[in-house]
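Listed here are the chains, written in short residue letters.
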Amino acid sequence: MGKFSLLILPGDGIGPEVMTEVKRVIDWFEQRRKIIFNVEEDLVGGCAYDKYGTPLSDSTMNKAHKVDAVLLGAVGGPIYEKLHFDKQPERGLLRLRKEMDLYANLRPAQCFDALADFSSLKKDIVSGLDIMIVRELTSGIYFGEPRGIEGHGDNRVGINTTRYTTNEIRRVARSAFELARKRDNRLCSMEKANVMESGVLWREELKYVHENEYPDVELSHMYADAGAMQLVRWPKQFDVIVTDNLFGDILSDCAAMLTGSLGMLPSASLGTLMDSGLPKALYEPVHGSAPDIAGLGQANPCACILSFAMALRYSFDKGNEATYLEQAVQNVLSEGFRTKDLIQASKGKEVSTSEMGDAIINNLEKMR
Ligand code: NAD
């Protein structure tokens, strides 16, 4: 019987709607599984700006540093688009990622059988797919110096720099090896060592960490362009993929679309180990605040619920409970429950956000 601290930041748009369903799931685990969560709730994004004049207050940031995990809904919305860059809702999210130093972004691409028709690929290629992409999140070309636009008139130059240190590569490599050990024990590292020195270093450091710390894990290397091709040719060949910030950005979106709807995709961002031995962690659905459907009861809560399942697995060391929750989601999809985003391409009964939450909780009860 553990007590885990969780900071919930529902955010804007559909964020609070999907988070309401997650809170019901958390209640279920407290009541039925006797897992005690110490939950605090706060503001991030546009709603934080409305109240505090900043998308993430210092007090919320301090809370984030202290808890076992942060669970975020979504931020943003059209009414905030004209704000100064520093005040925009997304800055709140970026501040969390930066100050918590969340360097390993985990993006699972899992295809639920009931949704296999949703994929743009053939059913047999995606059915049963379960891969994990680990993207380095705090370095590489998005942060490297020098950067900028120089020169004038017809002679301007746009500059960005890919830069990785040994430590930055080794720490994300360790996160990926650890994950592989908890899964099928296979890791594929992707870079462009054929044309980029940062890729050469990446490959050397992956080999170093492998030989010295994880010789039991099967490690392979692939150039990122070939990896992209293999992802759409035969994605099931992969277990865990680790790659840099830029390639990870592209490859994880590509892998996500193998599985269908944005409303189904969870994510985790992990950082350095805390005194508890667990990593600093932020869990969030991949989707945004979906202003086009906010307030209509149409949002799919599964991505956020599956993000909580990731928290159970990676922050609370409750892998069995995470699998249990994922199974409940899989069951309701097999039984034909569909929020609006899932209805077009596959048959089923259209349900609202809260009805999807009901169905998942009923399933958790049924499986007990
Ligand atoms: P979006 O993900 O919010 O929406 C894209 C499309 O997918 C919309 O049609 C939306 O209705 C649909 N959709 C998304 N999530 C869904 C769900 N759970 N259930 C059903 N349908 C869903 O992306 P966008 O429209 O490009 O951005 C909207 C706002 O969200 C912007 O302000 C953007 O900056 C912000 N955003 C935030 C995050 C984040 O908080 N991590 C991520 C992306 C975008």
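Residues numbered from 1 in each chain as written. Predicted model: local features only at pLDDT ≥ 70, side-chain atom pairs only at ≥ 80, totals over all residues. Heavy atoms only, no water.

## Topic: the sheet that holds strand 2 (residues 36-41)
Consideration 1: As summarised here, the arrangement of the 10 strands in space is 2-1-3-12-11-4-5-10-8-9, forming an open sheet in which the pairing is mixed. At either end of the open sheet lies a strand with only one pairing partner, and these are strand 2 and strand 9 (218-223). On average, each strand axis in the sheet is tilted by 25° relative to the strand beside it, whichever way the strands run.
Consideration 2: Pairing of strand 8 (residues 186-191) with strand 9, which is carried by 6 bridges, proceeds in the parallel orientation. By the bridge assignment for strand 9, Met190 is matched with Met222.
Consideration 3: Lying on the sheet, helix 8 (residues 224-233) is in contact with strand 5 (130-136), strand 8, strand 9 and strand 10 (240-243); it crosses strand 9 at an angle near 105°. (Pairing = 2+ DSSP bridges. Helix = DSSP H or I, 4+ residues; strand = E, 2+ residues; numbered from the N terminus. Axes fitted to C-alpha atoms, helices over the stretch in contact; angles between N-to-C directions. Contact = heavy atoms within 4.5 Å.)

## Description of unusual backbone geometry
Consideration 1: With an omega of 0°, the peptide bond running from Glu145 to Pro146 counts as cis.
Consideration 2: Unusually for a residue other than glycine, Asp317 sits at a positive phi of about 55°.
Consideration 3: Secondary-structure assignment places Asp317 in the loop between helix 10 (302-314) and helix 11 (319-334).
Consideration 4: Asp317 sits in the exposed class, given a relative accessible area of 62%. (Buried < 20%, exposed > 50% of the residue type's maximum accessible area, 1.4 Å probe, protein only.)

## Side note on the environment of Leu296
Consideration 1: Tracing the backbone through its elements, the reader meets Leu296 in the loop between strand 12 (279-285) and helix 10.
Consideration 2: Sequence separation between Leu296 and Met257 is 39 residues, and the spatial gap between their C-alpha atoms is 25 Å.

## Brief notes about the layout of surface pockets
Consideration 1: In this structure, the largest pocket encloses a volume near 970 Å³.
Consideration 2: In terms of lining residues, the largest pocket is bounded by 35 residues, among which Glu90, Leu93, Leu94, Arg97 and Leu137 are the most central.
Consideration 3: For the lining of the largest pocket, the elements supplying multiple residues, two or more each, are strand 3 (69-74), helix 4 (89-99), strand 4 (104-110), helix 9 (245-258), strand 11 (266-273) and strand 12.
Consideration 4: Grouping the constituent residues of the lining of the largest pocket by class yields 13 nonpolar, 10 polar and 12 charged. (1 Å grid on protein atoms, 1.4 Å probe; cavity = no way out; pocket = protein on both sides within 12 Å on 5 of 7 lines; lining within 4 Å. Points joined across faces, edges and corners; volume = space filled by probe spheres on them. Nonpolar A, V, L, I, M, F, W, Y, C, P; charged D, E, K, R; others polar.)

## A word on the packing of aromatic side chains
Two aromatic rings are characterised by how far apart their centres lie and by the angle between their planes.
Consideration 1: Counted according to the given criterion, the structure contains 9 aromatic pairs.
Consideration 2: Centroid distance Trp28 to Phe29: 5.2 Å. Interplanar angle 85°. Geometry classified as edge-to-face. Note on accessibility: Trp28 and Phe29 belong to one class, buried.
Consideration 3: Ring centres of Tyr164 and Trp202 lie 5.4 Å apart, and the angle between their planes is 75°; on these two criteria the pair is classed as edge-to-face. Of the two residues, Tyr164 sits in the loop between strand 7 (157-161) and helix 6 (166-182) while Trp202 sits in helix 7 (residues 197-213), which places them 38 residues apart along the sequence.
Consideration 4: Residue classification places Tyr164 among the buried residues on the basis of a relative accessible area of 8%.
Consideration 5: Here the aromatic cluster, defined as three or more aromatic residues joined through ring pairs, consists of Phe4, Trp28, Phe29, Phe37, Phe308, Phe316 and Tyr324.
Consideration 6: Here the basic side chain of Arg33 rests over the ring of Tyr324, its NZ or CZ set 4.1 Å away from the ring centre. (Phe/Tyr/Trp six-rings, centres within 6.5 Å; stacked < 30°, edge-to-face > 60°. Lys NZ or Arg CZ within 6 Å of the ring centre and 35° of its normal.)

## Here's the deal with the nonpolar core
Consideration 1: Ranked by size, the top nonpolar core spans 71 residues in total, and within it Phe29, Leu106, Val134, Leu187, Tyr283, Phe308 and Leu325 carry the most contacts.
Consideration 2: Beyond its immediate stretch of four places on either side in the chain, Leu187 contacts Ala176, Phe177, Ala180, Leu206, Val217, Glu218, Leu219, Ser220, Val240, Ile241 and Val242.
Consideration 3: Counting residues in hydrophobic clusters, the runner-up holds 18 residues, among them Ala109, Cys111, Ile133 and Leu251. (Core = buried A, V, L, I, M, F, W, Y, C linked by side-chain atoms within 4.5 Å.)

## Points about helix 8
Consideration 1: All buried positions along helix 8 are accounted for by Ala224, Gly227, Gln230 and Leu231. Taken end-on, helix 8 shows its buried residues confined to a sector of 110°, consistent with a single buried face. Residues of helix 8 that are exposed and angled more than 90 degrees away from the buried face: Met229 and Arg233.
Consideration 2: Packed against the buried residues of helix 8 are strand 5, strand 8, strand 9, strand 10 and helix 9. (Arc of directions from axis to C-beta.)

## Concerning the site of the ligand
Consideration 1: As a structural note, the neighbourhood of the ligand is formed by 21 residues, with Glu90, Gly288, Ala290, Asp292 and Asn300 the closest of them.
Consideration 2: Taking Glu90, its side chain carries an N or O atom lying 2.4 Å from an oxygen atom of the ligand.
Consideration 3: Measuring from an oxygen atom of the ligand, one finds a backbone N or O atom of Gly288 at 2.7 Å.
Consideration 4: Calculation on the ligand without its partners gives an accessible area of 810 Å², and the protein chains cover 68% of this total.
Consideration 5: Its residues assigned to classes, the shell around the ligand shows 10 nonpolar, 7 polar and 4 charged. (Near = heavy atom within 4 Å. Polar contact = N/O pair within 3.5 Å; in protein donor to acceptor, adjacent residues only side chain to side chain. Areas by Shrake-Rupley, 256 points an atom, 1.4 Å probe, with all protein chains shown as cover.)

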